[in-house]
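# Architecture at a glance
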Amino acid sequence: MNSLPPEISRLIPLFIPILLIQLSLQAYALIDLARRPADQVKGPKWLWVVIILPFQLFGALTYLFLARREA
């Protein structure tokens, strides 16, 4: 049934928490970006979407630490 080698099969449970963290941070960053007024974001919003989506965890963290301005 299982066509994966046993070495890879043992690693899959380790990747599940990492995947959940990555997806949660990415979703949070995109929702925050959508709700935040444009004057509270450093740079254009469309550019941050382009950074957050393909660069996943690193794009979301970059947005959360560098792009947001406090009102």
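Bear in mind the structure is a predicted one, so any value in this text is a computation, not a measurement.

To continue, consider the overall build of the protein. A count of helical and extended segments in the protein gives three helices and zero strands. Relative to the globule expectation of 11 Å for 71 residues, the C-alpha radius of gyration of the protein, 16 Å, shows a markedly less compact shape. Overall, the C-alpha framework of the protein stretches about 55 × 20 × 15 Å when taken along its three principal axes. Sorting the 71 residues of the protein into buried and exposed places 21% on the buried side.

For any pair of aromatic rings, the description consists of the separation of the ring centres together with the inter-plane angle of the planes. Going through the model one piece at a time under the given rule, you end up with one aromatic pair. Between Trp 48 and Tyr 63, the aromatic rings sit 5.8 Å apart at their centres with planes inclined by 65°, giving edge-to-face as the arrangement. Here the residue Trp 48 occupies a position in helix α2 (residues 45-52), and Tyr 63 occupies one in helix α3 (residues 56-67), the gap between them amounting to 15 residues. We note that Trp 48, like Tyr 63, is buried.

Between the first and last C-alpha of helix α1 (residues 6-35) there are 45 Å, a value that for 30 residues agrees with the 44 Å anticipated at 1.5 Å per step. At Pro 13, α1 is bent by approximately 35°, the largest bend along its length. What α1 keeps buried is the set Gln 22, Gln 26, Ala 29, Asp 32 and Leu 33.

Now for the packing of α2 against α3. Relative orientation of the contacting elements α2 and α3 amounts to 145°, with a least axis distance of 7 Å. When α2 is examined against α3, the residues Trp 48, Ile 51 and Ile 52 are found in contact with a partner set consisting of Gln 56, Gly 59, Ala 60, Thr 62, Tyr 63 and Ala 67. Counted by class, the contact of α2 with α3 contains six nonpolar, three polar and no charged residues.

Moving on to the nonpolar core. Residues Ala 29, Leu 33, Val 41, Trp 48, Ile 52, Ala 60, Tyr 63, Leu 64 and Ala 67 constitute the largest nonpolar core, which totals nine residues. When residues of this core are traced back to their parent elements, those giving at least two are α1, α2 and α3. For this core, the element with the highest residue contribution is α3, accounting for four residues. If near-sequence neighbours (up to four positions away) are discounted, Tyr 63 is found in contact with Ala 29, Asp 32, Leu 33, Arg 36, Trp 48, Ile 52 and Arg 68.

Rules behind the numbers
Residues numbered from 1 in each chain as written. Predicted model: local features only at pLDDT ≥ 70, side-chain atom pairs only at ≥ 80, totals over all residues. Heavy atoms only, no water. Helix = DSSP H or I, 4+ residues; strand = E, 2+ residues; numbered from the N terminus. Rg over C-alpha atoms; globule rule 2.2 N^0.38 Å. Buried < 20%, exposed > 50% of the residue type's maximum accessible area, 1.4 Å probe, protein only. Phe/Tyr/Trp six-rings, centres within 6.5 Å; stacked < 30°, edge-to-face > 60°. Expected span 1.5 Å × (residues − 1). Bend = angle between axes of the 7 residues up to and from the residue. Axes fitted to C-alpha atoms, helices over the stretch in contact; angles between N-to-C directions. Contact = heavy atoms within 4.5 Å. Nonpolar A, V, L, I, M, F, W, Y, C, P; charged D, E, K, R; others polar. Core = buried A, V, L, I, M, F, W, Y, C linked by side-chain atoms within 4.5 Å.

Everything listed here is a matter of coordinates, which is why it stays silent on function.
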